[in-house]
Structure formats: C-alpha cells, structure tokens
Amino acid sequence: MSKTNSLWTARMGGMALLAAVLALAPLGFANAYYYDVAVGALFNAIICVGLNLLIGYGGQISLGHGAFFALGAYGSAIATSRWGVPSVAAMAASAVLVGLMAFVMARPILRLKGHYLAMATLGIGMIIYIVLKTEAQWTGGPDGMGVDPLSVAGLTLATDRQWYWLSAVLLLLAVWLSLNLVQSPVGRALRAGHGAEIGAQVVGVDTSHYKVLMFVVSAVFASVVGSLFAHKNGFITPDIAGFHRSIELVTMVVLGGMASIFGAVIGAFILTVLPQMLTAFDDYEAMIFGAIMMGTMIFLPKGLLPSLILLIRKRMGGRS
Amino acid sequence: MSLLAVDGLSKEFGGVHAVQDLSFTVEAGTIHSIIGPNGAGKTTLFNLITGIYTPSAGRIVLDGTDIAGKSPSQLARLGMSRTFQNLQIFFNMSAVENVMVGAHLHVDRRFWPSLLRLPSMVRGDRACRDECLRLLDFVGLGHYAEAEAAAMPYGGLKRLEIARALAAKPKLLLLDEPAAGLNATESREIDAVIKKVAGQGVTVVLVEHDMKMVMGISDHILALDYGRKLAEGTPAQVRANADVIAAYLGAHA
Ligand SMILES: Nc1ncnc2c1ncn2[C@@H]1O[C@H](COP(=O)(O)OP(=O)(O)OP(=O)(O)O)[C@@H](O)[C@H]1O
Ligand SMILES: [Mg+2]
C-alpha cells in the first residue's frame, strides 16, 4: 500500500513539477527568440520521451529516428500543401503511415543486436534521407518545400507563444502516456525482455513483440513532432532527416538518463538550450555531442537524473 | 497418459554429446528428480524441454502435444515454467515486479488500455500485485517485496525465480538446482515450498545436487551420466543402484 502511494507520488509529483516548470518558465522569456528555443526544446523532449521507451526501457538502440521525424514533417507538408488535407488529419495520417513503416521494418531489424542494430537503423535513416532528396516532384528535392501554418478547428497558430503552450501540453501528455505504459503489464514485459530475455520468454513474454511495439510507438512520437515542426517552421529540407539529428536525439536520452522518463526530458532541454548559449557549438556541434555522449557513458552511465536521485537517496539514507 | 514424454532425445554441441538417446516419462502430479554429476546434461535437457535449444534428434511431447519448433514463450502458454541454474533475473526491476512479469499470461496486457491507464487495467494490475506479494510471502521473501532485485542476496534471487515461475501458474514446473548456494536451513525451506507446490497439483521436475532434498521429496528419480540414462526408479531403487553409487553418489558420499 505504501509503495502504491509512493509510486503515485513519484508519478503525480513529477508531472506536477514538470507542469509548474513549464507554466512558470515564460516569466523568464525576454522575447520571441526565447519562446522559439523553448519550443525546439519541447519538441525534442517529446521525441526523447518516446525514444527512451525503446532505448532506455527496451534496451534497443536506434540511429534512425531523425528519419521518422522527417517523414512526419514531409507527410504533413505534402498532404496539406499539395492536396489541401486539414493539418490535423494530415498529421494523424502521417503518424499512422510512419507507424506502419516502422512496423514493417522492425521485425527484421530488431532481430539484430548491438552494432548491427545501430548500423541497420542508421542505414534506414540514410535511405529515407536520399529518397527525400531525390523525389523532387514530391518533396522539392534539396531545395525543400514550404508548409502552411498549423490550424486546429479554424484557429491558426501564428505566434511562438501559442506554439509554446501547445507543445507544453503535448509534452505533458507524452510524459503521462509513457508513465502509464512503463508501469503497465506492457511496460513490464518490455523491461523484462531487456533485463533477462530468456527469463521473460519462459513465462510467456513474446519479447520481440514488445520491441517491435516500442519501435512503432517511438517512431509515431517522432512523426507527430515532425509534423508540428514542419508547420511551425513553414519550410523544410531533407537535412532534417540527416543522421546527426538522430545522434542528437540518442545523446539527449543517454545524457538525461536511460529508463527515466523525466531524465529524457531534462536531457532534451539541456542539449537544445546549451548550443544556443555557446556559439562555439556552431562549428563543433557534432564533436561536442559525441564528447557529451562518451563522457556520460564513462562517468554517468545511468545518466543525469537517475544518478542525481541515487545521490539524494544516499544522502538521506546516510542521515536517518 | 504422461504429462511429459521424452523419446530418443539427443543434443550435440560440435562433437560433445550433452544428451544422448534419452527416453523417459513424467507422470502428472509427481515430483520427478533428475540427478547426475556435473556436465551430465541436466541443464541441457531443461533447455531442450523448454524450447531454448532445438534437439539434434528425438521428440518431446507435453500433454499430448509435440513441442517441436515451439518457442519458449509458446511453451509457457502450454503450461510450462522453469527456474534457472544461472539466474535469469530482471535486475532492472523490483522483486514484486519480477514476479508480476511471471503473471504475464494471466493479466490484461492490451496496448491501448495500458497506454491510457484505464480503470479496469489499474484494478487488474493491483489484484495481480497482491497475488504476487502473496507468492513472495509463500517463498519466504515477503520482506523483500519492494527491494530492487539488484540489491538482493543470491539465496533470495533463487527463491524469486521460484515465485516468478509460480506466478505463471504452470502445469509443469522445472527447477534447476533451486538449493544451490543455499545453507541447510534455507534448503529445508525450499523443500517445504516444493512439497506445497506439488501438493497443489503442479507436476515438478527437479534438478538438484542436494541428495537429502532429492531423496526426501521425490516420487521418481532419473539418474544421468554423460547425457545417457544411468538408472531410473523410486528413491530407494536409485539409491541402491550400483551404477549410480559408482558414478554419482560414490563421488559425493
Ligand atoms: N551451449 C553449449 N555449447 C556447448 N556445449 C555445451 C553447451 N551447453 C552445455 N554444453 C556441454 O554439454 C554438457 C552438459 O552440460 P550441462 O550444463 O547440461 O550439464 P549439467 O548436468 O547441467 O551440469 P551441472 O551439474 O554442472 O549444472 C557439458 O559438457 C557442457 O560443457
Ligand atoms: Mg546444470
């Protein structure tokens, strides 16, 4: 009973804290640029919350999620501007399509392990990048294509401030859904497959089913954010499918803390905001992300948030 | 009809005959022990029965169904469950969560209700948790319920595997050296647990080096050596068998 309560507190406490931070942050925003950066951070956070289900809880690596993001972006862009589909419907249709694609790819890919899995997902990302670049009659090729603004039920999102509140609500929704999943029989089966695959199988867990499921779920998260990004930016190029984008996302998850939903959020915030503050990042961005990833794996293998929680627990345990 | 029938079973690892032309049956509702020196092929036999290895030759029939080509998770659906000599614990979870995974096939595990945390899902999960807490009590781990598995001692982990296997509500339970690494008192506790489980109608196949346990609780014993059947029968018959004494008991007692 006490554990049920403490679980509830961790869930709701974390959600409430995140909601409070998101609600109060704009007090410190001096101009539209701050909102713009914050929306970028929220977008990344939503993708990372989904990606963490696959990487942190499922123990599978993916270096291809930048491509699912791009597919969502192009799906929305093509459907709205070429066919006049309403933007929300286009976003949903793109998400379903990306989910189906991820499902078809997942079985053969997830049978691979370690480096091979990383290479295969990397390869998929590159193929999608090349397709977006060459299918110019659909995508505008390397020059990119324009995208109409997002309109929901007749309301058009015009300002960065409106985008901020929409993304903040969506992040809270993403966190809530992920918390639900992780603490459900589905999430336990997923984590069990990561913890001891044979041990899970002999009690009836079809471990590959859960890996595939999370590959699809995380791809859908990335696709939805891709759609939002396309509308917000108003213009997209195939570079958004570039592989450094996928690496960025994985680095955010690893830094924040694998198998920690709030950790993924923190990792995304830090690694979106930091490059904006350090101009030196411009030239060395890929290198610095690489260094952060290596540094985290060596010095903080659990990631920021889980290490912090462990530290606090130790301090408190030491006193009582 | 027997619950489990093994017929002409062989498994070869690049020239090593881990199991050779082995045939035996296990009757429902009994405790059936398998003994033999290190490397006799006991764990390999378990891996064949639970679908982790594919036989080089022979057949395994569970409750009338040939299990050829079935995966471990499919076999779990047919009522098979097991523990491991080299632990297969979910070290990324708490003790009670480990056991709850054992109940996987008996809970509502649909995606959408899980994602949306529907009330029916929450209720089902709470009931499952309560039942798993009872199972932890049953194997003597009640006080570890909320502990992280990674922080538990070895003896606790062995019992955690038993609780997890029981949560799957098996017809056939295979235990691979449940008492290894436990002290005498703990071993007697495992004795009692196994007897109670068998008393509830679960058929138990036990691999164990602790002769006191084996002789005390088995209805039937199969002795292996170099992957072959050495002897078979009641504890009294096997204990009196000259080959067994020479190959196995002689080396220990
Ligand atoms: N995966 C494997 N690959 C190669 N050889 C194996 C494999 N598994 C088992 N063996 C070999 O098969 C033989 C039987 O091993 P097994 O583990 O089944 O014995 P056991 O009776 O369980 O022994 P113990 O009492 O030590 O647990 C041994 O010679 C072992 O080295
Ligand atoms: Mg063995």
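You'll find the structure just up there.
Quick caveat, the model's predicted, so the values are computed rather than measured.

About the criteria used
Residues numbered from 1 in each chain as written. Chains lettered and ligands numbered in written order. Predicted model: local features only at pLDDT ≥ 70, side-chain atom pairs only at ≥ 80, totals over all residues. Heavy atoms only, no water. Near = heavy atom within 4 Å. Polar contact = N/O pair within 3.5 Å; in protein donor to acceptor, adjacent residues only side chain to side chain. Helix = DSSP H or I, 4+ residues; strand = E, 2+ residues; numbered from the N terminus. Nonpolar A, V, L, I, M, F, W, Y, C, P; charged D, E, K, R; others polar. Contact = heavy atoms within 4.5 Å. Buried area = accessible area lost by both parts, 1.4 Å probe. Salt bridge = Lys/Arg side-chain N within 4 Å of Asp/Glu carboxyl O. Expected span 1.5 Å × (residues − 1). Buried < 20%, exposed > 50% of the residue type's maximum accessible area, 1.4 Å probe, protein only. Core = buried A, V, L, I, M, F, W, Y, C linked by side-chain atoms within 4.5 Å. Donors = N, O, S within 2.8 Å, 3.2 Å for Na, K, Ca; no water. Pairing = 2+ DSSP bridges. Axes fitted to C-alpha atoms, helices over the stretch in contact; angles between N-to-C directions.

A.B. asks: What am I meant to see in the site of ligand 1 here?
C.D. replies: All names here are of chain B. Close contacts around ligand 1 come from 14 residues, with Gly-39, Lys-42, Thr-43, Thr-44 and Gln-85 the closest. Within the contact set of ligand 1, an oxygen atom lies 2.5 Å away from a side-chain nitrogen or oxygen of Thr-44. Gln-85 places a polar side-chain atom, nitrogen or oxygen, 2.8 Å from an oxygen atom of ligand 1. Among the secondary structure elements, those contributing two or more residues to the shell around ligand 1 are strand 2 (16-26) and helix 1 (42-49). Counting residues per element, the shell around ligand 1 draws most heavily on helix 1, at three residues. Partitioning the shell around ligand 1 into residue classes produces five nonpolar, seven polar and two charged.

A.B. asks: Looking at this model, I keep getting lost on the interface of chain A and chain B. Mind explaining?
C.D. replies: Each partner contributes residues to the interface: chain A has 31 residues there, and chain B has 36 residues. By the criterion of area lost to chain B, the three top residues of chain A are Arg-188, Val-202 and Val-203 of chain A, representing 24% of everything that side buries. Across the chain A-chain B interface, the total number found is two salt bridges. Linking Arg-188 of chain A and Asp-125 of chain B is a salt bridge whose minimum nitrogen-to-oxygen distance equals 2.9 Å. For the interface between chain A and chain B, the tally reads eight residue pairs in polar contact (both at pLDDT 80 or more).

A.B. asks: Would you mind showing me how to read helix 7 (residues 184-199) of chain B here?
C.D. replies: Think of an α-helix as turning once every 3.6 residues; residues three or four places apart then point the same way. All names here are of chain B. The terminal C-alpha atoms of helix 7 lie 23 Å apart, and with 16 residues this matches the ideal 22 Å at 1.5 Å per residue to within 8%. Turning to helix 7, its buried residues number three or more, namely Ser-187, Ile-190, Asp-191, Val-193, Ile-194, Val-197 and Ala-198. Looking at the buried positions of helix 7, the neighbouring elements they touch are strand 3 (31-35), helix 5 (119-138), helix 6 (154-167), strand 7 (172-176), strand 8 (203-207) and helix 8 (211-217). Its side-chain oxygen at 3.1 Å from the backbone nitrogen of Thr-185, Asn-183 defines the N-terminal cap of helix 7. After helix 7 finishes, the residue Gly-201 shows a positive phi value of roughly 100 degrees.

A.B. asks: Would you explain the nonpolar core in this entry?
C.D. replies: Nonpolar side chains in soluble globular proteins tend to be buried together. The biggest cluster of nonpolar side chains holds 103 residues, and the ones touching the most others in it are Phe-68, Leu-171, Val-175, Met-214 and Ile-236 of chain A. Sorting elements by how many residues they give to this core places helix 2 (residues 32-57) of chain A first, with 15 residues. Once you skip the residues sitting within four places of it in the chain, Leu-171 of chain A turns out to touch Leu-18, Leu-22, Leu-42, Ala-45, Ile-46, Val-49, Val-265 and Phe-269 of chain A. Grouped together as the second largest cluster of nonpolar side chains are 38 residues, Leu-141, Ile-162, Ala-163 and Ile-190 of chain B included.

A.B. asks: Mind showing me how you'd approach the pattern of salt bridges here?
C.D. replies: Note that side chains of opposite charge can pair when their charged atoms are close. In total, this model carries 17 salt bridges over all chains according to the counting rule given. When the shortest N-O distance is used, the salt bridge between Glu-189 of chain B and Arg-159 of chain B registers 3.0 Å. Taken together, the residues span a long stretch of sequence, with Glu-189 of chain B in helix 7 and Arg-159 of chain B in helix 6 at a distance of 30 residues. Via salt bridges that share partners, Asp-36, Asp-160 and Lys-232 of chain A belong to a single interconnected network.

A.B. asks: Help me understand the coordination of the magnesium ion (ligand 2), please; the structure alone is not making it clear to me.
C.D. replies: Reference values for coordination geometry: four tetrahedral donors around a metal ideally subtend 109.5 degrees, six octahedral donors ideally subtend 90 or 180 degrees. Residues and elements named next belong to chain B. Binding of the magnesium ion (ligand 2) to the protein goes through Thr-43 (OG1) and Gln-85 (OE1), at separations of 1.9 to 2.0 Å. Linking Thr-43 in helix 1 with Gln-85 in the loop between strand 6 (80-82) and helix 3 (95-102), this pair joins segments that are 42 residues apart in sequence. Classification of Thr-43 as partly exposed rests on a relative accessible area of 25%. In this structure Gln-85 comes out as partly exposed when scored by relative accessible area, which is 27%.

A.B. asks: Honestly, the sheet that holds strand 8 of chain B in this entry has me stumped. Any pointers?
C.D. replies: Residue and element names in this part refer to chain B. With respect to topology, six strands assemble into an open sheet ordered 6-7-8-3-9-10, the strand pairing being mixed. Sheet topology places strand 6 and strand 10 (228-233) at the edges, where each strand pairs with a single neighbour. Each strand axis lies, on average, 20 degrees off the axis of its neighbour in the sheet, ignoring direction. In this structure, strand 7 lies alongside strand 8, joined through five bridges in parallel fashion. Bridge pairing in strand 8 places Leu-175 opposite Leu-206. Along the sheet face, helix 1 touches strand 3, strand 6, strand 7, strand 8 and strand 9 (220-225) and points at about 150 degrees away from the line of strand 7. Across the face of the sheet, helix 6 comes into contact with strand 6 and strand 7 while running at roughly 165 degrees to strand 7.

A.B. asks: How do you make sense of helix 1 of chain B when you look at a structure like this?
C.D. replies: Residues and elements named next belong to chain B. With respect to burial, helix 1 is a largely interior element, seven of its eight residues being buried. Every buried residue of helix 1 is accounted for by Lys-42, Thr-44, Leu-45, Phe-46, Asn-47, Leu-48 and Ile-49. In the segment just after helix 1, Gly-51 is the residue with positive phi, at about 80 degrees.

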